[in-house]
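So you can see what is in the structure, the chains are spelled out below.
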Amino acid sequence: MPKNKNFNYALFGNPVNHSRSPEIHDFFSKQTGILHIYEAINVPLDRFSLLVSDFFKNNISGANVTSPFKKEAYFFSDKLSERAQIAKSVNTLKKVDNQYVLGDNTDGIGLLSDLKRLKFIKKNFSVLILGAGGAVQGVLLSILSMGCSVYILNRTDLNALNLVNQFKKYGNIKIFKTNSFKKKYFDLVINGLSRNIQYENIFIPLNLFSSKTFFYDMNYGSDKTSFLNWCKKINAKYVSDGIGMLVFQAAHSFLEWHGIFPKIDYIINLLNQKSF
Ligand SMILES: NC(=O)c1ccc[n+]([C@@H]2O[C@H](COP(=O)([O-])OP(=O)(O)OC[C@H]3O[C@@H](n4cnc5c(N)ncnc54)[C@H](OP(=O)(O)O)[C@@H]3O)[C@@H](O)[C@H]2O)c1
(Lines give C-alpha, C1' and ligand atoms only; values in the text may rest on other atoms or scores of the structure.)
Protein backbone atom coordinates (compact mmCIF):
# COMPACT_ATOMS: atom_id res chain seq x y z
CA MET A 1 0.00 0.00 0.00
CA PRO A 2 1.13 3.63 -0.56
CA LYS A 3 3.57 5.12 1.97
CA ASN A 4 2.09 8.60 1.59
CA LYS A 5 -1.70 8.76 1.53
CA ASN A 6 -1.63 12.15 -0.19
CA PHE A 7 0.01 10.92 -3.37
CA ASN A 8 -1.35 12.45 -6.58
CA TYR A 9 0.73 10.51 -9.16
CA ALA A 10 1.45 6.80 -9.22
CA LEU A 11 3.27 3.94 -10.89
CA PHE A 12 1.14 0.83 -11.47
CA GLY A 13 2.87 -2.48 -12.11
CA ASN A 14 3.62 -5.92 -10.72
CA PRO A 15 6.21 -6.11 -9.28
CA VAL A 16 7.16 -2.46 -8.52
CA ASN A 17 9.16 -2.79 -5.33
CA HIS A 18 12.54 -2.27 -7.03
CA SER A 19 11.41 0.60 -9.26
CA ARG A 20 13.51 3.77 -9.28
CA SER A 21 10.65 5.89 -10.66
CA PRO A 22 9.47 7.30 -7.26
CA GLU A 23 13.04 8.52 -6.59
CA ILE A 24 13.27 10.12 -10.04
CA HIS A 25 9.89 11.87 -9.70
CA ASP A 26 10.86 13.08 -6.24
CA PHE A 27 13.90 14.78 -7.85
CA PHE A 28 11.61 16.37 -10.48
CA SER A 29 9.20 17.64 -7.83
CA LYS A 30 11.99 19.20 -5.73
CA GLN A 31 13.68 20.71 -8.79
CA THR A 32 10.53 22.30 -10.25
CA GLY A 33 8.69 23.09 -6.99
CA ILE A 34 5.60 21.33 -8.31
CA LEU A 35 3.52 19.37 -5.77
CA HIS A 36 4.03 15.92 -7.24
CA ILE A 37 3.79 13.04 -4.77
CA TYR A 38 4.50 9.85 -6.67
CA GLU A 39 3.90 6.37 -5.26
CA ALA A 40 4.63 2.91 -6.69
CA ILE A 41 1.61 0.63 -6.35
CA ASN A 42 1.79 -3.12 -6.78
CA VAL A 43 -1.40 -4.10 -8.61
CA PRO A 44 -2.75 -7.66 -8.37
CA LEU A 45 -2.60 -9.20 -11.84
CA ASP A 46 -6.39 -9.42 -12.29
CA ARG A 47 -7.30 -5.99 -10.83
CA PHE A 48 -5.67 -3.39 -13.09
CA SER A 49 -8.77 -1.69 -14.57
CA LEU A 50 -10.79 -1.80 -11.36
CA LEU A 51 -8.05 -0.39 -9.17
CA VAL A 52 -6.78 2.22 -11.61
CA SER A 53 -10.24 3.58 -12.40
CA ASP A 54 -10.86 3.87 -8.66
CA PHE A 55 -7.63 5.87 -8.17
CA PHE A 56 -8.52 8.15 -11.09
CA LYS A 57 -12.00 8.80 -9.64
CA ASN A 58 -10.40 9.78 -6.33
CA ASN A 59 -6.91 11.05 -5.66
CA ILE A 60 -4.69 10.84 -8.73
CA SER A 61 -4.19 13.07 -11.76
CA GLY A 62 -1.70 10.90 -13.62
CA ALA A 63 0.16 7.62 -13.59
CA ASN A 64 2.89 5.57 -15.16
CA VAL A 65 2.23 1.98 -16.07
CA THR A 66 4.84 -0.73 -16.22
CA SER A 67 5.03 -4.45 -16.93
CA PRO A 68 2.75 -6.37 -17.31
CA PHE A 69 -0.03 -3.78 -17.72
CA LYS A 70 0.98 -1.58 -20.70
CA LYS A 71 -1.41 -3.36 -23.04
CA GLU A 72 -4.27 -3.17 -20.50
CA ALA A 73 -3.53 0.53 -20.04
CA TYR A 74 -3.91 0.97 -23.81
CA PHE A 75 -7.43 -0.49 -23.65
CA PHE A 76 -8.20 1.36 -20.40
CA SER A 77 -7.46 4.82 -21.91
CA ASP A 78 -10.47 6.88 -23.09
CA LYS A 79 -8.29 8.69 -25.65
CA LEU A 80 -4.79 8.02 -26.99
CA SER A 81 -1.85 10.10 -28.18
CA GLU A 82 -0.78 9.30 -31.74
CA ARG A 83 2.39 7.49 -30.60
CA ALA A 84 0.44 5.34 -28.08
CA GLN A 85 -2.11 4.51 -30.75
CA ILE A 86 0.66 3.35 -33.11
CA ALA A 87 2.54 1.42 -30.40
CA LYS A 88 -0.70 -0.12 -29.03
CA SER A 89 0.95 0.22 -25.63
CA VAL A 90 0.58 2.87 -22.88
CA ASN A 91 3.03 3.78 -20.11
CA THR A 92 1.57 7.20 -19.16
CA LEU A 93 -1.99 8.07 -18.11
CA LYS A 94 -3.30 11.58 -17.55
CA LYS A 95 -6.67 12.79 -16.22
CA VAL A 96 -7.82 15.55 -18.56
CA ASP A 97 -10.30 18.25 -17.43
CA ASN A 98 -11.63 15.81 -14.85
CA GLN A 99 -13.48 14.13 -17.71
CA TYR A 100 -11.38 11.49 -19.42
CA VAL A 101 -8.11 9.58 -19.21
CA LEU A 102 -5.53 10.12 -21.98
CA GLY A 103 -3.04 7.31 -22.68
CA ASP A 104 0.46 8.09 -23.99
CA ASN A 105 3.70 6.20 -24.47
CA THR A 106 6.98 7.91 -23.54
CA ASP A 107 9.26 4.83 -23.74
CA GLY A 108 10.19 5.47 -27.39
CA ILE A 109 11.03 9.14 -26.98
CA GLY A 110 12.80 8.20 -23.71
CA LEU A 111 15.09 5.71 -25.43
CA LEU A 112 15.71 7.96 -28.43
CA SER A 113 16.57 10.94 -26.20
CA ASP A 114 19.10 8.84 -24.31
CA LEU A 115 20.64 7.39 -27.48
CA LYS A 116 21.06 10.96 -28.76
CA ARG A 117 22.56 12.11 -25.43
CA LEU A 118 25.10 9.28 -25.67
CA LYS A 119 25.66 9.90 -29.41
CA PHE A 120 24.78 6.23 -30.01
CA ILE A 121 22.40 6.85 -32.93
CA LYS A 122 22.49 8.52 -36.33
CA LYS A 123 20.08 8.65 -39.24
CA ASN A 124 20.01 5.48 -41.38
CA PHE A 125 21.86 3.28 -38.87
CA SER A 126 21.45 -0.50 -39.11
CA VAL A 127 19.99 -1.55 -35.78
CA LEU A 128 19.72 -5.05 -34.33
CA ILE A 129 17.03 -5.30 -31.65
CA LEU A 130 17.08 -8.26 -29.28
CA GLY A 131 13.56 -9.08 -28.08
CA ALA A 132 10.00 -8.50 -29.20
CA GLY A 133 8.18 -7.81 -25.94
CA GLY A 134 6.30 -4.77 -24.63
CA ALA A 135 9.40 -2.59 -24.27
CA VAL A 136 10.45 -3.14 -27.90
CA GLN A 137 6.88 -2.49 -29.06
CA GLY A 138 7.00 0.86 -27.26
CA VAL A 139 10.27 2.04 -28.85
CA LEU A 140 10.14 0.84 -32.48
CA LEU A 141 8.38 3.91 -33.87
CA SER A 142 11.07 6.24 -32.48
CA ILE A 143 13.93 4.17 -33.94
CA LEU A 144 12.19 3.91 -37.32
CA SER A 145 11.54 7.67 -37.27
CA MET A 146 15.36 8.11 -37.56
CA GLY A 147 15.30 6.30 -40.90
CA CYS A 148 17.15 3.36 -39.32
CA SER A 149 16.85 -0.17 -40.72
CA VAL A 150 15.66 -2.41 -37.90
CA TYR A 151 16.27 -6.16 -37.60
CA ILE A 152 14.51 -8.03 -34.80
CA LEU A 153 16.00 -11.15 -33.25
CA ASN A 154 13.75 -12.96 -30.80
CA ARG A 155 13.30 -16.39 -29.24
CA THR A 156 9.72 -16.64 -30.55
CA ASP A 157 9.61 -15.76 -34.25
CA LEU A 158 5.86 -15.17 -34.18
CA ASN A 159 6.21 -12.33 -31.65
CA ALA A 160 8.86 -10.70 -33.85
CA LEU A 161 6.69 -11.17 -36.93
CA ASN A 162 3.73 -9.50 -35.20
CA LEU A 163 5.89 -6.44 -34.54
CA VAL A 164 7.18 -6.40 -38.12
CA ASN A 165 3.58 -6.44 -39.38
CA GLN A 166 2.54 -3.75 -36.90
CA PHE A 167 5.38 -1.35 -37.80
CA LYS A 168 6.30 -2.06 -41.44
CA LYS A 169 4.32 0.93 -42.70
CA TYR A 170 6.54 3.23 -40.61
CA GLY A 171 9.91 2.16 -42.02
CA ASN A 172 12.36 -0.57 -42.87
CA ILE A 173 11.86 -3.42 -40.39
CA LYS A 174 12.54 -7.16 -40.76
CA ILE A 175 13.04 -10.30 -38.73
CA PHE A 176 16.79 -10.92 -38.49
CA LYS A 177 17.99 -13.88 -40.58
CA THR A 178 21.71 -14.38 -41.22
CA ASN A 179 21.24 -14.14 -44.98
CA SER A 180 18.85 -11.13 -44.84
CA PHE A 181 21.51 -8.69 -43.60
CA LYS A 182 23.48 -7.29 -46.51
CA LYS A 183 25.74 -4.75 -44.78
CA LYS A 184 29.08 -5.50 -43.12
CA TYR A 185 28.04 -4.86 -39.52
CA PHE A 186 25.37 -3.41 -37.25
CA ASP A 187 25.86 0.17 -36.07
CA LEU A 188 23.74 -0.28 -32.96
CA VAL A 189 22.43 -3.21 -30.88
CA ILE A 190 19.51 -2.54 -28.51
CA ASN A 191 18.75 -5.17 -25.90
CA GLY A 192 15.06 -5.48 -24.97
CA LEU A 193 15.21 -8.95 -23.44
CA SER A 194 14.15 -9.68 -19.86
CA ARG A 195 16.69 -9.01 -17.15
CA ASN A 196 18.55 -12.17 -16.31
CA ILE A 197 19.13 -13.87 -19.63
CA GLN A 198 22.15 -16.15 -20.17
CA TYR A 199 23.52 -14.55 -23.34
CA GLU A 200 25.94 -17.41 -23.88
CA ASN A 201 22.91 -19.66 -24.51
CA ILE A 202 21.27 -17.62 -27.24
CA PHE A 203 22.33 -17.05 -30.83
CA ILE A 204 23.70 -13.55 -31.47
CA PRO A 205 25.54 -12.86 -34.76
CA LEU A 206 28.94 -11.87 -33.37
CA ASN A 207 30.47 -11.65 -36.85
CA LEU A 208 28.14 -8.72 -37.62
CA PHE A 209 29.56 -6.41 -34.94
CA SER A 210 32.59 -4.15 -35.32
CA SER A 211 34.69 -2.22 -32.84
CA LYS A 212 32.47 0.79 -33.69
CA THR A 213 29.14 -0.93 -32.87
CA PHE A 214 27.15 0.70 -30.04
CA PHE A 215 25.43 -1.57 -27.47
CA TYR A 216 22.47 -0.29 -25.43
CA ASP A 217 20.68 -2.30 -22.73
CA MET A 218 17.16 -1.20 -21.80
CA ASN A 219 17.74 -2.97 -18.47
CA TYR A 220 19.64 -1.18 -15.71
CA GLY A 221 21.20 -1.96 -12.34
CA SER A 222 24.15 -1.14 -10.10
CA ASP A 223 25.75 -4.56 -10.44
CA LYS A 224 26.21 -4.68 -14.19
CA THR A 225 23.27 -6.18 -16.09
CA SER A 226 23.82 -9.60 -17.63
CA PHE A 227 23.82 -8.00 -21.10
CA LEU A 228 26.53 -5.51 -20.11
CA ASN A 229 28.59 -8.37 -18.67
CA TRP A 230 28.22 -10.20 -21.96
CA CYS A 231 29.26 -7.01 -23.83
CA LYS A 232 32.42 -6.92 -21.74
CA LYS A 233 33.20 -10.53 -22.65
CA ILE A 234 32.97 -9.75 -26.36
CA ASN A 235 35.14 -6.62 -25.86
CA ALA A 236 32.44 -4.15 -26.90
CA LYS A 237 33.78 -0.61 -26.66
CA TYR A 238 30.63 1.54 -26.56
CA VAL A 239 28.06 0.25 -24.04
CA SER A 240 25.33 1.71 -21.87
CA ASP A 241 22.60 0.47 -19.59
CA GLY A 242 19.04 1.89 -19.66
CA ILE A 243 19.05 4.22 -16.66
CA GLY A 244 19.08 7.26 -18.98
CA MET A 245 16.06 5.91 -20.85
CA LEU A 246 14.25 5.48 -17.54
CA VAL A 247 14.94 9.10 -16.54
CA PHE A 248 14.03 10.47 -19.98
CA GLN A 249 10.74 8.54 -20.21
CA ALA A 250 9.90 9.81 -16.71
CA ALA A 251 10.74 13.39 -17.76
CA HIS A 252 8.50 13.11 -20.81
CA SER A 253 5.64 11.85 -18.57
CA PHE A 254 6.28 14.80 -16.23
CA LEU A 255 6.08 17.13 -19.24
CA GLU A 256 2.76 15.55 -20.24
CA TRP A 257 1.33 16.09 -16.73
CA HIS A 258 2.77 19.50 -15.80
CA GLY A 259 3.95 21.17 -19.03
CA ILE A 260 7.55 21.42 -17.76
CA PHE A 261 10.53 19.32 -18.88
CA PRO A 262 12.84 18.83 -15.88
CA LYS A 263 16.62 19.09 -16.10
CA ILE A 264 17.86 15.55 -16.13
CA ASP A 265 21.59 15.19 -16.75
CA TYR A 266 22.54 15.56 -13.10
CA ILE A 267 19.83 13.03 -12.12
CA ILE A 268 21.25 10.43 -14.50
CA ASN A 269 24.72 11.03 -13.03
CA LEU A 270 23.39 10.77 -9.48
CA LEU A 271 21.53 7.53 -10.15
CA ASN A 272 24.59 6.09 -11.85
CA GLN A 273 26.65 6.82 -8.75
CA LYS A 274 24.14 5.45 -6.20
CA SER A 275 23.86 1.72 -5.70
CA PHE A 276 20.43 0.09 -5.58
N1 LIG B 1 14.94 1.58 -19.15
C2 LIG B 1 13.64 1.72 -19.27
O3 LIG B 1 13.07 2.81 -19.13
C4 LIG B 1 12.81 0.50 -19.61
C5 LIG B 1 11.53 0.68 -20.14
C6 LIG B 1 10.77 -0.46 -20.49
C7 LIG B 1 11.31 -1.73 -20.23
N8 LIG B 1 12.56 -1.86 -19.71
C9 LIG B 1 13.15 -3.20 -19.45
O10 LIG B 1 13.14 -3.95 -20.66
C11 LIG B 1 13.04 -5.35 -20.34
C12 LIG B 1 11.99 -6.02 -21.24
O13 LIG B 1 10.71 -5.54 -20.86
P14 LIG B 1 9.36 -6.00 -21.61
O15 LIG B 1 8.26 -5.24 -20.99
O16 LIG B 1 9.53 -5.94 -23.08
O17 LIG B 1 9.26 -7.54 -21.20
P18 LIG B 1 8.40 -8.66 -21.96
O19 LIG B 1 7.25 -8.06 -22.67
O20 LIG B 1 8.16 -9.71 -20.94
O21 LIG B 1 9.41 -9.24 -23.10
C22 LIG B 1 10.51 -10.06 -22.73
C23 LIG B 1 11.38 -10.40 -23.95
O24 LIG B 1 12.44 -11.25 -23.49
C25 LIG B 1 12.40 -12.50 -24.20
N26 LIG B 1 12.77 -13.59 -23.29
C27 LIG B 1 12.28 -13.82 -22.05
N28 LIG B 1 12.90 -14.90 -21.50
C29 LIG B 1 13.80 -15.34 -22.43
C30 LIG B 1 14.75 -16.41 -22.45
N31 LIG B 1 14.92 -17.23 -21.41
N32 LIG B 1 15.53 -16.58 -23.56
C33 LIG B 1 15.40 -15.73 -24.62
N34 LIG B 1 14.51 -14.71 -24.66
C35 LIG B 1 13.73 -14.51 -23.56
C36 LIG B 1 10.98 -12.63 -24.69
O37 LIG B 1 10.98 -13.49 -25.83
P38 LIG B 1 9.64 -14.26 -26.31
O39 LIG B 1 8.90 -13.32 -27.22
O40 LIG B 1 10.19 -15.45 -27.00
O41 LIG B 1 8.87 -14.60 -25.06
C42 LIG B 1 10.67 -11.16 -25.06
O43 LIG B 1 11.24 -10.82 -26.28
C44 LIG B 1 12.64 -5.45 -18.86
O45 LIG B 1 13.71 -5.97 -18.10
C46 LIG B 1 12.30 -4.01 -18.48
O47 LIG B 1 12.66 -3.70 -17.13
C48 LIG B 1 13.31 -0.78 -19.38
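Residues numbered from 1 in each chain as written. Predicted model: local features only at pLDDT ≥ 70, side-chain atom pairs only at ≥ 80, totals over all residues. Heavy atoms only, no water.

Points about the nonpolar core
Stage number 1. Ranked by size, the top nonpolar core spans 31 residues in total, and within it L115, I121, L140, I143, L188 and I190 carry the most contacts.
Stage number 2. Put simply, the parts of the chain that give this core at least two residues each are α5 (107-118), β7 (126-130), α6 (134-144), β8 (149-153), α7 (157-167), β9 (173-175), β10 (188-191) and β11 (214-217).
Stage number 3. Among the elements that line this core, the one with the most residues is α6, at five residues.
Stage number 4. Setting aside residues up to four positions removed in sequence, I190 forms contacts with L111, L115, V127, L128, I129, L130, I143, Y216 and M218.
Stage number 5. Ranked by size, the runner-up nonpolar core spans 21 residues in total, among them A10, I41, F56 and A73. (Core = buried A, V, L, I, M, F, W, Y, C linked by side-chain atoms within 4.5 Å. Buried < 20%, exposed > 50% of the residue type's maximum accessible area, 1.4 Å probe, protein only. Helix = DSSP H or I, 4+ residues; strand = E, 2+ residues; numbered from the N terminus. Contact = heavy atoms within 4.5 Å.)

Some words on the sheet that holds strand β6 (residues 100-104)
Stage number 1. The six strands are arranged β2-β1-β3-β5-β6-β4 in an open sheet whose pairing can be described as mixed. Of all the strands in the sheet, just β2 (38-42) and β4 (79-80) have a single pairing partner and so form its edges.
Stage number 2. As paired elements, strand β5 (residues 92-96) and β6 share five bridges and run antiparallel to each other. When the bridges of β6 are listed, K94 appears paired with L102.
Stage number 3. The sheet strands contacting helix α1 (residues 21-32) are β1 (9-13), β2 and β3 (62-65), and the helix crosses β2 at an angle near 165 degrees. (Pairing = 2+ DSSP bridges. Axes fitted to C-alpha atoms, helices over the stretch in contact; angles between N-to-C directions.)

Here's the deal with the UniProt feature "active site" (unreviewed entry) in the chain
Stage number 1. Under the UniProt annotation, "active site" (unreviewed entry) lies at K70.
Stage number 2. Judged by its relative accessible area of 16%, K70 falls in the buried class.
Stage number 3. Residues within four places of K70 in sequence aside, it is in contact with V65, S89, V90, N91 and D107. (UniProt positions renumbered as here; feature names shortened; annotations may be inferred.)

With respect to the packing of α1 against helix α10 (residues 265-273)
Stage number 1. Where α1 contacts α10, the axes come no closer than 11 Å and their chain directions differ by 140 degrees. On the basis of the axis angle, α1 is oblique to α10. Between α1 and α10 the crossing geometry is right-handed. Counted together, E23, I24, F27, F28 and Q31 of α1 and Y266, I267, L270 and L271 of α10 form the full contact between these two elements. (Parallel < 35°, antiparallel > 145°, perpendicular 65-115°, else oblique. Left-handed = near helix turned anticlockwise from the far one by under 90°.)

Remarks on the side chain of N191
Stage number 1. The residue N191 is located in strand β10 in this model.
Stage number 2. Residue contacts for N191: discarding those within four places in its chain leaves L130, Y199, Y216, D217, M218, N219 and F227.

Focus: the site of the ligand
Stage number 1. Around the ligand, the surrounding shell holds 23 residues, and the nearest of these are A135, N154, T156, N159 and N219.
Stage number 2. One of the side-chain N or O atoms of N159 is found 2.7 Å from an oxygen atom in the ligand.
Stage number 3. The contact in question runs from an oxygen atom of the ligand to an N or O atom on the side chain of N219, over 2.3 Å.
Stage number 4. Summarising the interface, the protein chains cover 73% of the accessible area of the ligand, which totals 930 Å² for the free molecule.
Stage number 5. Where the shell around the ligand is concerned, the elements lending two or more residues are α6 and α9 (243-258).
Stage number 6. For the shell around the ligand, the class distribution of residues is eight nonpolar, eleven polar and four charged.
Stage number 7. Residue-level mapping places the shell around the ligand at the junction of two domains, with at least three residues from each of domain 1 (9-105 + 244-273) and domain 2 (108-241). (Near = heavy atom within 4 Å. Polar contact = N/O pair within 3.5 Å; in protein donor to acceptor, adjacent residues only side chain to side chain. Areas by Shrake-Rupley, 256 points an atom, 1.4 Å probe, with all protein chains shown as cover. Nonpolar A, V, L, I, M, F, W, Y, C, P; charged D, E, K, R; others polar. Domains from an automatic or database assignment.)

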